[in-house]
Amino acid sequence: MAGKVGLEQGPLDARSLEVAEKELRETPEQVQQSLAELKELLAADTTLRFDTSDDFLIMFLRPTKFYAKSAYDLLKRIADFRKSQADILKGVSPLAEKDAFLNTKVLNVLVDRDQHRRRILTMNIGDAWNPSTLDTDHFFRVLYLIHFGAMMEPMTQVHGAVIIMDFNNLGFKQARAFTPTFAFRLLTFIQKAMPIRLKAIHIVFQPMLFKMIWQLFKPLIEEKLSKRIFFHGKDMKSLHKHIDPQCLPRVYGGEKGEIDYGSAEWFAIFAQHDETVKEWQSYGYI
């Protein structure tokens, strides 16, 4: 393990500040103007309840490039999503999902960022995933908690994240778990209610059976996301055109060696923020 499992919550360095200004319009003057406008929009909406501290609101201004109205619309979509998925998200917290974190190896965050400083999330949804042990409801709850962790990192707020979906040895047991309900929930979250700059989804080691799953997801994928999905199969050189092998573990043809950590190690980190997650989950429609 080259890096260290943990959230990176320190202030932005010069390189990240430069990216924030260039890509997100983030300057001291713009930050203050956008914060004031967003607070005004939230104060005028008596149906919503969100934390209005600067640090909290910046988490939604960065992915919307400091356009206050866009950040406000994002917060409303998040409230809509939480309302529509209330049954699935009820009581979600790191401690509530302890068993899923400790006893499955499906979702992981690599300790090394890519060459663009983006976080890399891996989904091992081939034979590493047993839907009988981790059903799609709990799969989504763990993914939902991981996105909270990403939100807490200023560097991830600025540089974003990429996902590697690993379908190695996908079988009918896993394929049957991908229901229309799960597909709709997952894509609605990613495309409408996830305040993270998702820069790419890389699909690797997908077998022929994957086509059945893709036909389920494809009609729900909007143009913006469609342009950020890349299919590599077993061709890791294709993946390396997007992610430098110096940033990847050996399983993806990289130079970082084997992955010797997983969601169990990440649980210890997320558990420290259990109360924060519960507080954030209380926000939305009044």
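What you see is a predicted model; the values in this text were computed from it and never measured.

J.: An account of the overall build of the chain is requested, with residue identities and associated values reported.
T.: A count of helices and strands for the chain gives 15 helices and 7 strands. Of all 286 residues assigned to the chain, the portion counted as buried reaches 55%. Sequence separation of 24 or more characterises 80% of the internal contacts of the chain that already satisfy a separation of 6 or more. For the chain, the exposed surface amounts to about 13700 Å²; the carbon and sulfur share of it is 52%. Computing the positive centroid from 38 side-chain charges and the negative centroid from 36, the chain places the two 5 Å apart.

J.: Explain the pattern of salt bridges to me, using residue names and the numbers behind them.
T.: What the rule picks out here adds up to 18 salt bridges. The residue Arg250 makes a salt bridge to Glu258 at a minimum N-O spacing of 3.1 Å. With a closest N to O distance of 3.3 Å, Lys278 and Asp274 form a salt bridge. Linking Lys278 with Asp274, this pair stays in helix α15 (residues 274-281), spanning 4 residues, or about one helical turn. For Lys278, a relative accessible area of 40% translates into the label partly exposed.

J.: Mind laying out α15, listing which residues take part and the relevant values?
T.: Here α15 has its buried residues at Asp274, Val277, Trp280 and Gln281. End-on, the buried residues of α15 take up no more than an arc of 125 degrees, which puts them together on one face.

J.: Explain the packing of aromatic side chains residue by residue, including any values.
T.: For the structure shown, the criterion picks out 25 aromatic pairs. Plain terms: the ring middles of Phe56 and Tyr283 are 5.4 Å apart, the flat faces sit at 80 degrees to each other, and that makes the pair edge-to-face. One end of the pair, Phe56, is in helix α3 (residues 54-61); the other, Tyr283, is in the loop between α15 and β7 (284-285), with 227 residues separating them in the sequence. Of the two residues examined, Phe56 and Tyr283, each falls in the buried class. Judged by centre distance (5.5 Å) and plane angle (80 degrees), the rings of Trp129 and Phe178 are edge-to-face. A residue pair is termed long-range when its members are at least 10 positions apart, and Trp129 in the loop between β3 (119-124) and α7 (136-151) and Phe178 in the loop between α9 (172-175) and α10 (180-192) qualify at 49 residues. On the accessibility criterion, Phe178 (8% relative accessible area) is buried. Among the aromatic residues, those joined into a cluster by ring pairs are Phe50, Phe56, Phe60, Phe81, Phe140, Tyr144, Phe148, Phe189, Trp280 and Tyr283.

J.: Tell me about the sheet that holds β3, and name the residues and values.
T.: What the 5 strands build is an open sheet, ordered β2-β3-β4-β5-β6; its pairing is mixed. The outermost strands of the open sheet, each flanked by one partner alone, are β2 (107-109) and β6 (229-233). Within this sheet the neighbouring strands show an average axis-to-axis angle of 20 degrees, counted without direction. Direction of pairing for β3 relative to strand β4 (residues 161-166): parallel, over a ladder of 6 bridges. Counterpart to Ile120 in the pairing with β4 is Val162.

J.: Now, about helix α11 (residues 210-217): what can you tell me, with residues and values included?
T.: Three or more residues of α11 are buried, namely Phe210, Ile213, Trp214 and Phe217. Each buried residue of α11 sits inside an arc of 100 degrees when the element is viewed along its axis, so together they form one side. Exposed and oriented more than 90 degrees from the buried face of α11 are Lys211 and Gln215. For α11, the secondary structure elements touched by its buried residues are α9, α10, β5 (198-204) and β6.

Definitions and limits used
Within each chain, residue numbers correspond to sequence positions counted from 1 in written order. Reporting in this predicted model follows two pLDDT cut-offs: at least 70 for local features of residues, and 80 or more for side-chain atom pairs to be given and counted; totals over whole chains, interfaces and linings ignore these cut-offs and use all residues. Heavy atoms throughout the structure, all of them, feed into the side-chain values; hydrogens and water do not. Note on conventions: DSSP H or I runs of at least 4 residues are helices, E runs of at least 2 residues are strands, and numbering of each starts at the N terminus. To sort residues, take the accessible area from a 1.4 Å probe on protein chains only and compare it with the maximum for the residue type: under 20% means buried, over 50% means exposed, and anything in between is partly exposed. Any two residues whose heavy atoms approach within 4.5 Å are treated as being in contact. The Shrake-Rupley method, run with a 1.4 Å probe, gives the accessible areas here. Residue values count only the displayed protein chains as cover. By the counting scheme adopted, Arg and Lys are positive, Glu and Asp are negative, and His together with the chain ends is not counted. Charged groups are reduced to one reference atom each: NZ for lysine, CZ for arginine, CG for aspartic acid, CD for glutamic acid. Salt bridges are defined by distance alone: a side-chain nitrogen of Lys or Arg within 4 Å of a carboxyl oxygen of Asp or Glu. Comment: arc refers to directions from the helix axis out to C-beta atoms. Aromatic rings from Phe, Tyr and Trp, taking only the six-membered ring of Trp, are treated as a pair when their centres fall within 6.5 Å; an angle between ring planes under 30 degrees marks them as stacked, one over 60 as edge-to-face, and anything in between as tilted. When DSSP finds two or more bridges between a pair of strands, those strands are recorded as paired. Every axis corresponds to a line fitted to the C-alpha atoms, with the helix fit spanning only the stretch in contact, and the corresponding angles, defined between N-to-C directions, vary from 0 to 180 degrees.

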